[in-house]
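# Architecture at a glance
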Amino acid sequence: MATRLSDTSHEALGLSGDDLLSMYRTMVTARLCDEAAFRLNRQGKAPFVVPVSGHEGCQVGTAWALERGRDIWLPYYRDVAVVLVAGMTPKDIFLGLFAKADDPSSGGRQMPSHWGSRRLSIISHSSPIGTQLPHAAGIGYAVKYRKEDAVVACWFGEGATSEGDWHEGLNFAGIHRLPVVFVCENNHYAISVAQTKQMAVENVADRAAGYGFPGVIMDGNDVLACCRVMKEAVERARAGEGPTLIEAKTYRFQPHTSDDDDRTYRTREEVERARHNDPLIRFAGYLKEHGLIDDPGLQAVQAELKDEIDRQIDEAWNAPDPDPSTLTRHLFAEP
Amino acid sequence: MATRLSDTSHEALGLSGDDLLSMYRTMVTARLCDEAAFRLNRQGKAPFVVPVSGHEGCQVGTAWALERGRDIWLPYYRDVAVVLVAGMTPKDIFLGLFAKADDPSSGGRQMPSHWGSRRLSIISHSSPIGTQLPHAAGIGYAVKYRKEDAVVACWFGEGATSEGDWHEGLNFAGIHRLPVVFVCENNHYAISVAQTKQMAVENVADRAAGYGFPGVIMDGNDVLACCRVMKEAVERARAGEGPTLIEAKTYRFQPHTSDDDDRTYRTREEVERARHNDPLIRFAGYLKEHGLIDDPGLQAVQAELKDEIDRQIDEAWNAPDPDPSTLTRHLFAEP
Amino acid sequence: MTEKNVVTAIHDALHDEMKADERVIVLGEDVGARGGVFRITQGFLEEFGEERVIDTPLAESAIVGVAIGMALHGLVPVAEIEFADFIHPAFDQLVSEAARMRYRSNGDYHLPMVVRAPWGGGVHGALYHSQSIEAFYGHVPGLKVVVPSTPYDAAGMLRSAIHDPDPVLFLEHKKTYRLVKGEVPDEPFTVPIGTAEVKREGEDLTVVAYGLMLHLCLEAAERLQQEHGLSAEVVDVRTIQPLDMDTILASVRKTAKAMVVYEDNRTYGAGAEIVATIAEECLFDLDAPLVRIGGPDVPAMGFAATLEHAFMPDAERIYGRMLELARY
Amino acid sequence: MTEKNVVTAIHDALHDEMKADERVIVLGEDVGARGGVFRITQGFLEEFGEERVIDTPLAESAIVGVAIGMALHGLVPVAEIEFADFIHPAFDQLVSEAARMRYRSNGDYHLPMVVRAPWGGGVHGALYHSQSIEAFYGHVPGLKVVVPSTPYDAAGMLRSAIHDPDPVLFLEHKKTYRLVKGEVPDEPFTVPIGTAEVKREGEDLTVVAYGLMLHLCLEAAERLQQEHGLSAEVVDVRTIQPLDMDTILASVRKTAKAMVVYEDNRTYGAGAEIVATIAEECLFDLDAPLVRIGGPDVPAMGFAATLEHAFMPDAERIYGRMLELARY
Ligand SMILES: Cc1ncc(C[n+]2csc(CCOP(=O)(O)OP(=O)(O)O)c2C)c(N)n1
Ligand SMILES: Cc1ncc(C[n+]2csc(CCOP(=O)(O)OP(=O)(O)O)c2C)c(N)n1
Ligand SMILES: [Mg+2]
Ligand SMILES: [Mg+2]
């Protein structure tokens, strides 16, 4: 019975078994990138790491509902798994981590995990939180103006919702019914600040009503639930019905970044409890339930991906550093 | 029957017949100030006028629920009637209009209608829209911290709700359950921009849910309705139950300012229709219904107040201009 | 050629650009039905429709941020900030986002966009409708900041700004809007961004200015010529960033005396950079100390006429200092 | 006296002020349980409680705006902006509100408040965790802007800032936080806002600096003395606004040569004002052209070590220019 229900659910989403395995591999890749990055950090090879662990489910689930080459991605720094779905490779990610000249996001100019790629329609973002919300609205406006059928998706943490720009961006998108999906990855902390000190409400999604479009809450650790909700939002957007705000309840397993010490603000028990809801474990369980993989298969995937990532890390590590003379380039158009 | 219902309503509010007459006189005073200011503008004596006409009902109704000497007022430029309730005199207002040295708000530094007075607990505001919202929250925090029982009231137009500061201010007030009442005077235009281009929702009050406190809509042209809703909000605030967002639906009868030409963006018919709901006429009707005044009485009030205002205008007009040497004063504390 | 004031020159240039290129759209508060509070976009809504003439909510950060998004996706937005005084809520979007998109993406993305803002005093604008903002933004690498002061320059530089592949902050001095008139070609033409211009040739001293002050300096220079036969060379800065120091330095080397006049608060104002660069580059060519005339260091001019006059540098005072410097 | 680094000096001074005066409260992102990302408020939450140590939402405009409200109603807020790079969303609240409250109310209201922000580079902070912001705010009449560079000055000036009846922007150079150590009195003391200080006496040239650059200049001056017997007088600006030009000019009049070093983008940076004022006030006392060393005019330093090094003025380069100038 459980099996049938779940069957319906992924098939109803138009996802094949291969799709699911592919989603799972992306989630594992993200998790392994984290592990490798922290290892490199301890080795002194990567001064700054922004972990994704815990968010892989809502990231892969939501990102999967978009189409490469058609849709537009505005991820934030936590979105390793989103950019993997959008087309970045682990090598790209580590070129950024090592601040190499070929880092596709910024050529080593920005901190790691500040994504961007014109080729992949990943919009370059900055560190100041929340600034990308109005950009998403503006891109959405241009999409509509040019009568394209692209959808713009914009990810952010619940912390971003406190910024004025967040409000202004959503308001503009609502007024013009723009094809934008706003995705909140609510992990209940903005660095150390707990959600109760960020807002007096339980659900970010409740704010959507104030902008005249739907808000939807979902279990961010259930990759298929996220995919379903996102698909509906994407369809609404493509049909000209305007934006949706969707909120994934999730958790960050690691400190905020490699510079953080999360023991100062949350108990180890709380983190352990959250790990019971690890989206990877849950999704692996689903795959096994549906006979799409077994335990040895899971281990094989893990091992295979780890080897591949290590290979790409080596390539990235050996790539050239930015030439200091490039410091003054790309301020304005070059003749 | 109608009479009884209304009777209940003002008595239930704890307002005597004298109170009502006093409220009415304040509304008429505000209206007459407008008329005088426009006359002075045409005579070349007042380069810049910000009219209140149409908003007198929601302003007097809400302001009346506060106590002078106890509560704190953050009006915006449209709030002639609010500052009259708070204790400013027509003379004060015209000292500002003429930019005289004794203008209590700014000594002639700011544009007219940029209110402020430490003596009256009217917080000085600026021209940039929406900046006073976080101030209100901060004052509310200080009130609570100091265990005072003051209530902070903050007025703004629906245009202000689009600013990031508006969002940030309400959010902060919600988190700390501060004794602040947010009053939106929704006249459906931000200068020429109609409400539909400002937001995708019908009611500003709907946004309160996103900040974890109640939002209430009221007929802004019904002074007693406004007073009732505001009293409830003030009581909640005083009882430590936190903020309320209240929204008065109203209309501005005049152009945005004396520099504006509202014929470019709204029909004369629309303005005429709105005049049928003139809060002054409606309130006069209520007073007459309750036998508190008759038509000759209304005319007498009008005439008496007009004379008094003209007298105060003369005084203000004859007051000294700011000495140019004061330009550099009050940048920092003076030794 | 047609004689126009600054408002008409800007209106017409913007109109022609919108007509010529569907990618160009305008957005801002009251730019639609109202045609802009200064009437720059008068008639645009009727001609180009709601999609291209967007009345925005009262939210400057969104105006700039949305324009950035549009510029990222094939449009050429010309955003209006109603008064330059109200651009501050958009400071982060301009400084952290618009100015850095090309740089931070290592040249991958760029932003063809213009942000127009009416600035300056002398219009009874008081503390919040009179300000100078060029020094804040001139200091931001990645933004171009222009301050045309004549109808010709305004029209020509607006065209350049719209054609520019990078963000341009286009500052229009409110007091010049209807005060300053001049001939403007009827055919499309451009004035390059990044070039100053000698607006009046002279030998005895160099006066560097922009905005309303340029016109006061030209007036004072004329008087200096007529009353004393002394000739001032008046250089119009035109572009605050990138600053054309070559033109300024060439003039100073010629006259050996220099004065910079600006309306903004004097300390840390744009004039500081100009004077500092002169001091570094041609100190030993100078026959007199460098002179700066700026607004006083108070938040802004007051509403009272007495306070407004006390704030603004005026032609009389400029004239006095010019004479003093010429005779030094 | 106790030897402390800058973080500890600030922590201790702030702690003592909170202890001494219940009106003093701190607010900002992560100032509570986390004790601040740089540990300035470590232990405060435990000692002073949630009411006085407020973890705010991620909203800088509200942090400053709420602090303004608190200052209006009897409190003395010390707001923390997590990184100076993130102060921009609060630009309007600082410029239009904090700086103008006293002026616009004609002295009726005033704002005893401090906004602290860690600034500066050399810490792998890349484009958005390395910036200099003093020039933007130095240009705002009504704000005081301080840039202490030693534990002693940081502690003494923070006390002055908290006691000041007007708003003070208190900038702490991140790289000095743990790098620079020095003796700090155990008893309360203050260092006045608005005074520069000669940190090293000398005869052959004047070097004006602040922040991390001050320390590089002191290092270079020492080397200049040892290797060439040339003595540089090093002036620590300490307060950007109001700027103590008297101390700077006195030094320049003595040495007849001046150089200003700052890490911020060179053009329209704070050094421009200092050089311009020297040029206006003592041009004929100078034996050499004025020299400015600033960061390049690009948005900020890159994350890659190669790009960060290419951006930051270093002791070697400063030394080279000092030697050149001394020998001029
Ligand atoms: C404008 C701004 N203020 C402060 C910061 C510092 N900062 C970086 S991440 C962060 C917390 C963000 O929390 P959230 O949006 O919930 O995302 P999460 O890290 O939890 O995924 C803060 C405060 C910043 N980057 N930008
Ligand atoms: C930050 C800012 N942007 C723009 C303006 C120009 N402006 C002044 S009033 C106004 C409209 C305000 O509308 P609303 O808040 O609805 O108040 P109303 O005038 O309708 O009472 C605008 C756009 C301003 N003062 N401040
Ligand atoms: Mg979070
Ligand atoms: Mg309105």
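Residues numbered from 1 in each chain as written. Chains lettered and ligands numbered in written order. Predicted model: local features only at pLDDT ≥ 70, side-chain atom pairs only at ≥ 80, totals over all residues. Heavy atoms only, no water.

### A short note on the relation of the copies chain C and chain D
Relating one copy of the chain to the other takes a rotation about an axis and a shift parallel to that axis. Test applied: Alignment of the copies relies on least squares applied to C-alpha atoms, considering only residues that score at least 70 for pLDDT in both. By definition in these notes, contact holds between two residues if any of their heavy atoms fall within 4.5 Å.
Overlaying chain C on chain D yields an RMSD of 0.0 Å, the required transformation being a rotation through 180 degrees with an accompanying axial translation of 0.0 Å. Both copies are brought into coincidence by an operation consistent with a two-fold rotation axis. Minimal C-alpha separation from the rotation axis in chain C is found for Ala 276 of chain C, amounting to 2.2 Å. Residue by residue, 100% of the interface of chain C is reproduced at the interface of chain D, so both copies engage with the same surface.

### Topic: the site of ligand 2
What counts here: The rule for a residue being near a molecule or strand is that one of its heavy atoms must lie within 4 Å of it. Whenever a nitrogen or oxygen atom comes within 3.5 Å of another N or O atom, the pair is scored as a polar contact, on the condition that within protein one atom can donate a hydrogen and the other can accept it, and that pairs from neighbouring residues in sequence are kept only if both atoms are in side chains. Residue polarity follows a fixed list, in which Ala, Val, Leu, Ile, Met, Phe, Trp, Tyr, Cys and Pro are nonpolar, Asp, Glu, Lys and Arg are charged, and the others, Gly among them, are polar.
Around ligand 2, 21 residues are found, and the nearest of them are Tyr 76, Tyr 77, Arg 78 and Tyr 189 of chain B together with Glu 60 of chain C. Taken together, the residues near ligand 2 originate from chains B and C. In the environment of ligand 2, an oxygen atom lies 2.7 Å from a nitrogen or oxygen atom belonging to the side chain of Tyr 77 of chain B. Within the contact set of ligand 2, a nitrogen atom lies 3.1 Å away from a backbone nitrogen or oxygen of Ile 129 of chain B. For the shell around ligand 2, the class distribution of residues is 10 nonpolar, five polar and six charged.

### Some points on the site of ligand 1
For clarity, the threshold we go by: In short, Shrake-Rupley with a 1.4 Å probe defines the accessible areas, and a residue's cover is counted only from the protein chains shown.
The environment of ligand 1 is made up of 21 residues, and the closest members are Tyr 76, Tyr 77, Arg 78 and Tyr 189 of chain A together with Glu 60 of chain D. Lying at an intersection of chains, ligand 1 is approached by residues of chains A and D. Contacts to ligand 1 include Glu 158 of chain A, whose side-chain N or O atom sits 2.9 Å from an oxygen atom. Look at ligand 1: alone it shows 590 Å² of surface, and the protein chains cover 96% of it. Residue classes in the shell around ligand 1 are distributed as 10 nonpolar, five polar and six charged.

### Digging into the packing of aromatic side chains
What characterises a pair of aromatic rings is the spacing of the ring centres plus the angle enclosed by the ring planes. Residues and elements named next belong to chain A. Where we set the bar: Here a Phe, Tyr or Trp ring, Trp counted by its six-membered ring, pairs with any other such ring whose centre lies within 6.5 Å, and the pair is stacked when the planes are under 30 degrees apart, edge-to-face when over 60, and tilted otherwise. Numbering goes from the N terminus for both helices and strands, where a helix is a DSSP run of H or I of at least four residues and a strand is a run of E of at least two. Think of it in three bands: with a 1.4 Å probe and only protein chains considered, a residue is buried below 20% of the maximum accessible area for its type, exposed above 50%, and partly exposed in between. Placement of a positive charge over a ring is assigned whenever Lys NZ or Arg CZ falls within 6 Å of the ring centre and within 35 degrees of the normal to the ring plane.
Inspection of the entire model under this criterion finds 45 aromatic pairs over all chains. Pairing Phe 182 with Phe 213 gives two aromatic rings, centres 6.2 Å apart and planes at 20 degrees, and the pair type is stacked. In this pair, Phe 182 is assigned in strand S3 (residues 180-186) and Phe 213 in the loop between strand S5 (193-194) and strand S6 (215-219), connecting sequence segments 31 residues apart. Each member of the pair Phe 182 and Phe 213 is classed as buried. The aromatic ring of Tyr 189 is capped on one face by Arg 266, whose charged end is 5.7 Å from the ring centroid.

### Topic: the nonpolar core
Heads up, the condition is: Among the buried residues, those of types Ala, Val, Leu, Ile, Met, Phe, Trp, Tyr and Cys that are joined through side-chain atoms within 4.5 Å form a nonpolar core.
Counting 422 residues, the largest nonpolar core has Phe 94 and Phe 182 of chain A, Phe 94 and Phe 182 of chain B, Ile 278 of chain C together with Tyr 137 and Ile 278 of chain D as the members making the most contacts within it. The contacts of Phe 94 of chain B, once residues within four sequence positions are left out, are Cys 33, Ala 36, Ala 37, Leu 40, Ile 309, Ile 313 and Ala 316 of chain B.

### Examining the coordination of the magnesium ion (ligand 3)
Residue and element names in this part refer to chain A. Which entries qualify depends on this criterion: For Na, K and Ca the donor cut-off is 3.2 Å, and for all other metals it is 2.8 Å, counting N, O and S atoms only; because water is absent from this set, sites may look incomplete.
Donor atoms from the polypeptide that bind the magnesium ion (ligand 3) are Glu 158 (OE), Asn 187 (OD1) and Tyr 189 (O), placed at 2.1 to 2.2 Å. Written as a sequence motif, the donor residues of the magnesium ion (ligand 3) are E-x28-N-x1-Y. Taken together, the residues Glu 158 in the loop between strand S2 (152-157) and helix H7 (164-175) and Asn 187 in the loop between S3 and strand S4 (189-190) connect sequence positions 29 residues apart. For the pair Glu 158 and Asn 187, one class covers both residues: buried.

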